[in-house]
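Here is how the chains run, residue by residue.
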Amino acid sequence: MHVLLPRTLEEALEMKASAPPAVPIAGGTDLMVELNFDRTRPQAIMEISRLPELNVWRRENGTFSLGAGVPYSRIVRDLTEFRPLVEASRTVGSPQIRNRGTVGGNLGTSSPAGDALPVLAAYDAEVVLAKAGGKIRRLPFAQFMTGPKKNALAPDELILGTRWKVVRGPGSFSKIGTRNAMVIALASLCLVLDEDGRSVRVALGSVGPTILRAPDAESFAARAMETAGVWRDPFGPLPTRVIEEFGERVAAAAKPIDDVRGTAAYRRHACAVLAQRALRWALDDRKLTGAR
Amino acid sequence: MKRPITLTVNGTTYQHEVEPRLLLVYYLREVLGLTGTHIGCDTTSCGACTVLMNGLAVKSCTVLAAQADGADILTVEGLAQDGKLHPIQEGFWEEHGLQCGFCTPGMMLTALQILERNPNPSEEEIRHGLDGNLCRCTGYQHIVNSVKNAARKLKEERIPVIPVRKAVNTRAPVAGAGKEAD
Amino acid sequence: MVISHALGARIKRREDPRLITGRAIYVDDLNFAGMVHVAIVRSPHAHATIRSIDTTAARRAPGVVAVWTGEDVKARCGPLPVGPRIKEMKAPKRFPLVIDGVVRHVGDPVAAVVATTMDAARDASDLVEVDYEPLPSVQDPEAALEPGAPILHQDLGTNVCFRMTYGGGNVEEAFAGADVVVKTRIVQQRLIPAAMETRGVVAQYKGGELTVWTSTQIPHVVKTTLAETVRLPEHEIHVIAPEVGGGFGSKLDVYGEEGLVAALALALGRPVKWIESRRENFIATIHGRGQIDYVELAAHHDGTVAGLRVRAIADLGAYSQLLTPGVPTNTGLMCCGCYRIPNAHAEVIGVFTNRTPTDAYRGAGRPEATFLIERAMDLLAAELKMDPVEVRRKNFIPPAAFPYKTPTGAVYDSGNYERALDKALERADYRALRDEQAKLRKQGRYLGIGIATYVEITGLGAVAGLSGGNWESATVRVEPTGKVTVLTGTSPHGQGEETTFAQIVSDRLGVPVEDVVVLHGDTRAVPHGVGTFGSRTTPVGGSAVYVAAEKVKDKAVQIAAHLLEAAPADISTDGARFTVRGSPERSVEFKDVARMAYKAYKLPAGMEPGLDVTHFFVPKERVFPFGTHLCVVEVDPDTGEVTFRRYIAVDDCGNILNPLLVAGQIHGGIVQGLAQAIYEGVTYDDEGQLLTGTFAEYVVPQATDVPAFELDHTVTPSPHNPLGAKGVGEAGTIGATPAVVNAILDALAPFGVKDLQMPITPRRVWEALEGNSASR
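Rules used in this analysis
- Residues numbered from 1 in each chain as written.
- Chains lettered and ligands numbered in written order.
- Predicted model: local features only at pLDDT ≥ 70, side-chain atom pairs only at ≥ 80, totals over all residues.
- Helix = DSSP H or I, 4+ residues; strand = E, 2+ residues; numbered from the N terminus.
- Rg over C-alpha atoms; globule rule 2.2 N^0.38 Å.
- Buried ≥ 20, exposed ≤ 12 C-beta atoms within 10 Å, placed from the backbone.
- Contact = placed C-beta atoms within 7 Å.
- Nonpolar A, V, L, I, M, F, W, Y, C, P; charged D, E, K, R; others polar.
- Pairing = 2+ DSSP bridges.
- Axes fitted to C-alpha atoms, helices over the stretch in contact; angles between N-to-C directions.
- Parallel < 35°, antiparallel > 145°, perpendicular 65-115°, else oblique.

A.B. asks: Explain the overall build of chain A residue by residue, including any values.
C.D. replies: The helix and strand tally for chain A stands at 11 helices and 14 strands. Relative to the compact-globule value of 19 Å for 292 residues, chain A shows a C-alpha radius of gyration of 19 Å, a close match. Counting all 292 residues of chain A, 54% fall into the buried class. Contacts spanning at least 24 positions in sequence make up 64% of the contacts within chain A whose residues lie at least 6 apart.

A.B. asks: Explain the interface of chain B and chain C residue by residue, including any values.
C.D. replies: Much of the literature gives interface size as the accessible area that the parts lose upon coming together. Counting from both sides, the interface comprises 43 residues of chain B and, opposite them, 44 residues of chain C. Only α2 (87–94), α3 (104–117), α4 (123–129) and α5 (141–157) of chain B provide two or more residues apiece to the side of chain B that touches chain C. When residues in the side of chain B that touches chain C are grouped by element, the largest group, 4 residues, is from α2 of chain B. When grouped by side-chain class, the residues that make up the side of chain B that touches chain C number 18 nonpolar, 16 polar and 9 charged.

A.B. asks: Describe in detail the sheet that holds strand β1 (residues 36–42) of chain C, supporting the description with residues and values.
C.D. replies: All names here are of chain C. Within the open sheet, the 7 strands sit side by side as β3-β5-β1-β12-β9-β10-β11. Their pairing is mixed. Every interior strand has two partners, whereas the edge strands, β3 (64–69) and β11 (237–240), have only one. Here the strands of the sheet are splayed against their neighbours by 20° on average, with no regard to which way each runs. Inspection of the sheet shows β1 paired to strand β5 (residues 109–115) by 6 bridges, in the antiparallel sense. When the sheet's bridge partners are listed, Val 38 is paired in β5 with Val 114. Lying over the sheet, helix α8 (residues 256–268) contacts β1, β3, β5, β9 (200–206), β10 (209–214) and β12 (272–275), oriented at roughly 30° with respect to β9.

A.B. asks: Summarise the packing of helix α16 (residues 537–564) of chain C against helix α17 (residues 590–599) of chain C; cite the residues concerned and give the values.
C.D. replies: All names here are of chain C. Where α16 contacts α17, the two axes come as close as 10 Å, and the packing angle between them is 90°. Viewed along their axes, α16 and α17 adopt a mutual orientation that is roughly perpendicular. Along the contact surface, α16 presents Ala 556, Ile 559, Ala 560 and Leu 563, while α17 presents Val 593, Met 596 and Ala 597. When its residues are assigned to classes, the contact of α16 with α17 shows 7 nonpolar, no polar and no charged.

Note that all results are geometric; they support no functional claim without further evidence.
Shown next, in the form of structure tokens:
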């Protein structure tokens, strides 16, 4: 096994073009386990954790770009305005893993249990891919992640990062596992309210082959908030049965399976509970902020 | 194909040729003979191998030695200076924060990161900060007390949380020094 | 016994400096020139016949020095021990590698590859081609009892290893005359001990001596049994337990790898090292628990228990290890708990299954016993609509009844169960908690209060009903300069006896604790001993130190009296100096007495030189720690999640030698017991594959998973040893599991939930509340 150590992004992309089987590694938090267990024996790995181009974020024209190499501990410390992303980052692995692990790694592995992924799905984020010669591809998240540990990354491409249109409104990330930390989620959920677009977005992790959105539940909630006048008046009451039905509709969008960690039925139920709680928190937040 | 690396461990700079697949933890244990860093699992779950890399707690079983090229590493062997224990070591000793001692080096280094980020952590913050480190002996309560004890001492004595060292000398590769996993 | 400045003091540990500086040496830290490494090829099948093993490719792989299969072992090794013999027990032989061509659990060792590096050995082990013919396997111990079940050991003709019964009184009559009978079936799920250091062995044969460094709790037992396994005279074998990173019973065994690595070192003439990976640790090191208990408790309307009937089916796994049958028999012995139960009957059946062997894991049969009786008492309370506290009170063995013999044959030494219960209730403010519970229920919040009152048995050398004496050795050696060296046959691996034993010596001789060094775990250095397990180290090993120190003191007094020309009865001492009573000017220093003991030209007539005493201590009887654990939880009915609100433990371990270390033992013990209640559990699929094969699936608690504990004690000294100590290594574990489960079920009482399978995960709670699919 070779280790490639490019110093710049350009060099990395050239290496990738000439040696496509090289597996990029930043934190190594997923890959090293695979190597330990001999589940994968790549011919080469490419160390990208120190590429300066991947360790940045940028905001322009209402769009936020996050480099693939920014570790979770920096997101937790510095990107507090993106609350769901921070909440997801805080639950990734352990403190040590958060120092090394990156959103780029979550994208590269494309596990349905990747904690940051429901957030990106709910943000309607794009994944930015690059190959040698400056060719850049931007794929909506749903088109990027195609299945469990499957994505649309071409062998000669690298993940540069992800970008999303910043929306005004509350949101949260929450998950249920078998214990409090360092746990692979049984179910996770990100909910985002878009005040300007008057829409509700929900994405689910660990309950399907990929990250799932719940379009039916989303439009149901948005309509119900419209009907109840809640978009205009954050103190306007939203009937309890609306929140309950929202939970049921979110649960209906899940496609969970039974495994050693949990049953499909419990996972589906967990989605409903997480959805109801997330909507209640969001409504409470709007009361505090006056939906600003 | 071996690859040259240069890194500083506990204030000493080393240069070695290493196999690309060599993990940092094996480099520390087998090439440098620093066996205070332990291996407790193969899934990056237990935290026994935690060291500080450029001041950040990392599990040295998930870092290739080649990735640590140029880095500044602190292991348990570098905590005490001039025969004087670091407050985190005193804390673990005074509060009975260890029994079998196997998780202890990783625990102490993780605790340093907690205290570096928050000199006055609550019990809950300490526990959250220790979530990447398993201990099977203590039930964690005495470890929490140990971290609090160290926090007090670090404040009173006004010493840096992470020991500061200048690179004191440089060691060139020694033929046959240790063996490397390949 | 007088608690002096040294004994009973909160003294920080003598062993810590090397551990907190990274200087401690565990097995994996050993490296010798020319050392070769072993990787073991293990069965991927739960049950299969080996048609053939082709090692050709592995032998040719780079760095490979040797490849062994069962044939090589057959030619070079004798068998490994298979447990203390019990009546009519049928136990198959076991060897370092499978030698009869049948693998019986996933992880059964089939071949060993030796190479110059660990990676080379592991890479080459993938090249060993084993042709297996899978056989039907049996996973469930009850299924293994059915006629027609696959038989693991054809030569035994049955999967039953043993049947034992315990009991007395007239159980049939008691049940017939009772007002109420409560019944339950308890599945004690298997647990993985998961010491943070996995097992490891290094062996070297040099200069006519075989030295084996092994991560063990019982170096002397390893030495003796290796003599048979590798066919070497015992005095040519030197076993060292270096720093050992936790055991919890999982290193209380003689494992095949110990024999294998030793045999390889003999055959190859090179130092050989094997370090268990964590994955191997989960399939090749013993599991704990694994028992199905049918429990029936008969009582009268007023809550008085009339009788108990228990049928325990123990899942032994594929083989009987060193103590395997002893674990479930502890359950039979201890199932009456703290209660005066006049009529009791327990049948214990040990059954082979196609799984990793089970053996002693922290508590070893007593957690199972305590759990079943404590759950039954709560069920009885619910049935009679009595407070669980009152049902317990009504049935406690009263303090005046000790020594008390249970119908199952245990003789409890001393106790005051109500005092510990009262202390816990007072500390918790039990009445206020019940009020709060009632108030919160009206708000749709579910608080649960769980109580477990336990009694357990410690100081074991072997298990009651089984062969084997109960003793431990100690040497107290005063060096000519007055410094003291203590040698103990126990083998501490985290418990801190380098400190507590120094305290005992300091207390007896008056020398400062810093002047005492305690050595252990080296069969060349210390007298033959038994080891550290079963909470025996302090009551048995500590008592040996105590008596040896007393004998040293007697001798020192005689020497001092002789030097001072006084009668021994007239000598007083403060440790530093011996003085003739009433004549303070006539005195001699302790270190001068020590020096004179070895100079030996001025000793009393007939006295042997030296100030060095070895004592083999045999306790009169076993001892029985007890206590009350009280746990308060809140259960979220939406998700089924359990949150700890409080945890109070009142333990009585007799006299306390060092409160700091006792607290450490109890904290750690509680977490392992609590983990069984809600986090940990081994899961296999129907083919015998371990599904909880890593720390990602097998949930060992982390710091945020557990609460802070409130500890308190009562002190009821044991009359059976001079320290009055009872041992505390397992009490926390024994009390915690039923306390937590009782708390959760108390919280769920309004929903009519009476039983839940451990670990009580959020899913299981939710399923019970939904009346959903049966809890698995």
